[in-house]
Amino acid sequence: MSEPIIRITDLYKYFGEVQALRGISLEVESGQVVVVIGPSGSGKSTLLRCINHLEKPTGGHVYVEGVDLEAKETNINKMRAEIGMVFQQFNLFPHLTALENITLAQRVVRKRPKEEREQVARQLLERVGIPEKADAYPGQLSGGQQQRVAIARALAMNPKIMLFDEPTSALDPEMIKEVLEVMIDLAKSGMTMVCVTHEMGFARAAAHRLIFMDQGQIVEDTTPEDLYDNPQQERTRLFLSKILH
Amino acid sequence: MTEAEGGSTTTIKARRSFGEQMREFPWWAVIIITFLIGAFIYMISDPSYRNALSFIAFPPTKTEIAFGIDVRNGLMMTLYTTVIAYLIALILGLVLGIMRVSRNPILYHLSTLYVELMRGVPMLVLIIWIGFVVVPFLRNATGNQSITGLQGALIGLGFGYAAYLAEVYRSGIESIPKGQMEAARSLGMGYGQAMQHVILPQAIRRVVPPLSNDLVAMLKDSALVSVVAVPEILQMARLYVSRTFRAFEGYNSAAFLYLVLTLLFIIIVRMIERRWRSSV
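Predicted, not measured: the structure shown is a model, and the values here were computed from it.

Q: What exactly am I supposed to notice about the overall build of chain A here?
A: Counting its regular elements, chain A contains nine helices and 10 strands. In terms of C-alpha radius of gyration, chain A reaches 18 Å, essentially the compact-globule figure of 18 Å for 245 residues. Dimensions of chain A, computed from the C-alpha atoms along their principal axes, are close to 55 × 45 × 40 Å. Buried residues in chain A amount to 57% of all 245 residues. For chain A, the proportion of contacts with a sequence separation of at least 24, taken over those separated by at least 6, is 66%. Element-wise, carbon and sulfur atoms account for 46% of the exposed surface of chain A, whose accessible area totals about 10,800 Å². Measuring between centres, the 28 positive side-chain charges of chain A sit 5 Å from its 33 negative side-chain charges.

Written out as structure tokens, the structure reads:
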């Protein structure tokens, strides 16, 4: 079998005394859609942020396409350009228009010419369903629109992996669907995705794997159907009973 | 949208009490401007005030005590000192402010040392020290007699203010949410690129009001350089008084000119701030 696109070995992360991750090992194949769920403080977001090295692990290794992110000679900026990330709070650049948000990194990192990057940006805005908002500033967009621009911004780099850190948690209920539709569409296109989300509709529609984390460890790693219908662990059962209403 | 806003303001206005309306009207500006116009009319009609003003603004000899610099007049000297020293402070302050948030220990500690040192010394002491210690020392050390008191004064004022502006920039940078840097880095930008394209454009917009306040403060503090005999407004007034023994006319004229300049600066600064705000 070929090298998995993400390989995590025995990952630990401490924040002072708090142990956010306690020995995570995980492999994600190219094209796989993985959904990570778990109670708050279980280390889901920390795990995600270790995959693009926004958090520096205390111990263990993360390999992306076989490259060790911890190694000194690894150019982390080059690696991150291949890993898109979508944040809970969108984190759009408020001083730039939607189009400029999407073209900035293409210009600065990818060094694409103006015409190419604007064409890419407009196509992506079309894909996420808001081509008419190209010249709007983030402050003029709804939460759902902002998150879709943020997804387009990450996709503009042509990443091989997309990480989603609770992308719908800061949204009003009526806007969750429009973001999830974009994510499902993306999953169907064969993108490798790791999503921290409690949107079970998304997990059922698109996920190949569902991982349940608790207290910094992976408790269950199975398919969405199995986890719902046949949870192996008491902790999982308890958690599911709380989030599935 | 503009129509709706216009409509709501009119309703609110109609409900405002007389006292509230009086509170909104800039009576203070009316009083100052009336006073200044009155003072100006009085001054130009009085020969000794006319002398004082023209001595400060249009001195009899252009290069009277000007270290070989072609000084037009005290008014221009004050403006020149303010603008040059402020530009020095703006640029040096930005560099120091970026160093202050750096994770590099050398850059951080160097800039912190500079800021604390400069803020720990009164501006007047700093200007005197540079004027009477550093400038003579450099002249002797380099044998270059062309280093002027004015240059020393500009350096003193500019470098001193840079420490204050550095803190303004730093607070601006730190006020930008952490997620901005993370988003930029997650797209593959380096720290410097993220700073340049994402953090600083936002941070600088936020600090335009405090920075422009410091420009007005700098205008007033430029009077300090009179202690090293830079022929700006206050120094020219002192010269006038020492020649004519007319302290009343001399210093009143100086105060009058400073007030006019300060008000002009405040108006300009408000206009700049409004433009910045509307562009965000």
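Q: Quick question: what am I supposed to make of a nonpolar patch on the surface here?
A: Residues and elements named next belong to chain B. Together, Phe18, Met22, Phe25, Trp27, Val30 and Ile31 make up an exposed nonpolar region whose accessible area comes to about 610 Å². Elements with a contribution of two residues or more to the nonpolar patch: helix H2 (18-24) and helix H3 (27-45). Counting residues per element, the nonpolar patch draws most heavily on H3, at three residues. Along the polypeptide, Val30 turns up in helix H3.

Q: Honestly, the interface of chain B and chain A in this entry has me stumped. Any pointers?
A: Think of interface size as the accessible area that goes away when the parts come together; that is how it is often given. Contacts between the two partners involve 17 residues from chain B and, on the opposite side, 23 residues from chain A. Interface area, chain B with chain A, both sides summed: about 1,700 Å², of which 60% is carbon and sulfur. When the area that chain B buries against chain A is broken down by residue, the three leading residues are Ser186, Leu187 and His197 of chain B, summing to 34%. Counting every contact that joins chain B to chain A gives one salt bridge. Salt-bridge contacts for Arg49 of chain A lead to Glu182 of chain B; the nearest nitrogen and oxygen are separated by 2.7 Å.

Q: Teacher, can you tell me more about the packing of aromatic side chains here?
A: The description of an aromatic ring pair uses the distance of the two centres, along with the angle that the planes make with each other. Across all of its chains, the model carries seven aromatic pairs over all chains by this definition. Note on Phe212 of chain A and Phe239 of chain A: the rings are 5.2 Å apart at their centroids and 35° apart in plane angle, and the pair reads as tilted. In this pair, Phe212 of chain A is assigned in strand E9 (residues 209-214) and Phe239 of chain A in helix H9 (residues 234-243), connecting sequence segments 27 residues apart. Ring plane angle 70° and centroid distance 5.9 Å describe the contact between Tyr42 of chain B and Tyr49 of chain B, whose orientation is recorded as edge-to-face. When the ring centre of Phe93 of chain A is taken as reference, the NZ or CZ atom of Arg153 of chain A above it lies at 4.5 Å.

Q: What is the right way to read the sheet that holds strand E4 (residues 59-64) of chain A from this model?
A: Each strand in a sheet pairs with another by means of backbone hydrogen bonds, the pair being arranged parallel or else antiparallel. Residue and element names in this part refer to chain A. Sheet architecture is open: four strands sit in the order E2-E1-E4-E5, paired in antiparallel fashion. Edge positions in the sheet fall to strand E2 (18-28) and strand E5 (67-68), since each of these pairs with one other strand and no more. Taken strand by strand, helix H1 (residues 44-51) contacts strand E1 (6-15), E2 and E4, and its axis lies near 120° from that of E1.

Q: Mind showing me how you'd approach the packing of H3 of chain B against helix H4 (residues 47-57) of chain B here?
A: Between two packed helices, the angle of one axis relative to the other and the distance separating the axes together describe the packing. Residue and element names in this part refer to chain B. Running from N to C, H3 and H4 cross one another at 100°; their axes reach a closest spacing of 5 Å. Between H3 and H4, the angle is such that the two are roughly perpendicular. Contacts between H3 and H4 pair Tyr42, Met43, Ile44 and Ser45 from the former with Pro47, Tyr49, Arg50 and Leu53 from the latter. Here the residues of the contact of H3 with H4 sort into six nonpolar, one polar and one charged.

Q: Where do I start with the side chain of Thr78 of chain B in this structure?
A: All names here are of chain B. When you line up the elements, Thr78 lands in helix H5 (residues 74-100). Accessibility expressed as a relative area gives 0% for Thr78, which makes it buried. Residues contacting Thr78, with those up to four places away along its chain left out, are Leu219, Ser222, Glu232, Ile233, Tyr258 and Leu261.

Q: Explanation requested: the nonpolar core in the structure shown.
A: Burial of nonpolar side chains together is a common tendency in soluble globular proteins. Leu157, Leu211, Met218, Val225, Val230, Ile233 and Phe256 of chain B are the most contacted members of the largest nonpolar core, which has 57 residues in total. Top contributing element to this core by residue count: helix H8 (residues 149-174) of chain B, with 11 residues. Beyond its immediate stretch of four places on either side in the chain, Val230 of chain B contacts Met77, Thr81, Gly149, Leu150, Ala153, Val225 and Gln235 of chain B. Grouped together as the second largest cluster of nonpolar side chains are 53 residues, Ala150, Ile151, Ile176 and Met191 of chain A included.

Q: When you look at the pairing of strand E8 (residues 192-196) of chain A in this model, what are you seeing that I'm missing?
A: The side chains of a regular strand alternate between both faces of the sheet. Residues and elements named next belong to chain A. In terms of burial, E8 is a largely internal element, five of the five residues being buried. Side-chain alternation along E8 places Thr192, Val194 and Val196 on one buried face and Met193 and Cys195 on a second face that is also buried. Pairing analysis gives four bridges linking strand E3 (residues 33-37) to E8, with the strands arranged parallel. Within E8, the residue paired with Val33 across the bridge is Met193. As paired elements, strand E7 (residues 161-165) and E8 share five bridges and run parallel to each other. Bridged to Asp165 within E8 is Val196. With helix H6 (residues 173-188) bridging E7 and its parallel neighbour E8, the resulting β-α-β unit is right-handed.

Q: Teacher, can you tell me more about helix H11 (residues 233-244) of chain B here?
A: Since one α-helical turn is 3.6 residues long, residues separated by three or four positions face the same way. All names here are of chain B. Look at H11: 16 Å from first C-alpha to last across 12 residues, which is about the 16 Å you get at 1.5 Å a residue. For H11, the complete set of buried residues consists of Ile233, Gln235, Met236, Ala237, Leu239, Tyr240 and Val241. Among the residues trailing H11, Phe245 stands out with phi positive, at a value near 55°.

The rules behind each value
- Residues numbered from 1 in each chain as written.
- Chains lettered and ligands numbered in written order.
- Predicted model: local features only at pLDDT ≥ 70, side-chain atom pairs only at ≥ 80, totals over all residues.
- Heavy atoms only, no water.
- Helix = DSSP H or I, 4+ residues; strand = E, 2+ residues; numbered from the N terminus.
- Rg over C-alpha atoms; globule rule 2.2 N^0.38 Å.
- Buried < 20%, exposed > 50% of the residue type's maximum accessible area, 1.4 Å probe, protein only.
- Contact = heavy atoms within 4.5 Å.
- Areas by Shrake-Rupley, 256 points an atom, 1.4 Å probe, with all protein chains shown as cover.
- Lys, Arg positive; Asp, Glu negative; His and termini not counted.
- Charge placed at Lys NZ, Arg CZ, Asp CG, Glu CD.
- Patch = residues over 30% accessible without salt bridge, like charges linked within 9 Å, V, L, I, M, F, W, Y side chains within 5 Å.
- Salt bridge = Lys/Arg side-chain N within 4 Å of Asp/Glu carboxyl O.
- Buried area = accessible area lost by both parts, 1.4 Å probe.
- Phe/Tyr/Trp six-rings, centres within 6.5 Å; stacked < 30°, edge-to-face > 60°.
- Lys NZ or Arg CZ within 6 Å of the ring centre and 35° of its normal.
- Pairing = 2+ DSSP bridges.
- Axes fitted to C-alpha atoms, helices over the stretch in contact; angles between N-to-C directions.
- Parallel < 35°, antiparallel > 145°, perpendicular 65-115°, else oblique.
- Nonpolar A, V, L, I, M, F, W, Y, C, P; charged D, E, K, R; others polar.
- Core = buried A, V, L, I, M, F, W, Y, C linked by side-chain atoms within 4.5 Å.
- Right-handed = clockwise from strand over helix to strand, strands pointing away.
- Expected span 1.5 Å × (residues − 1).

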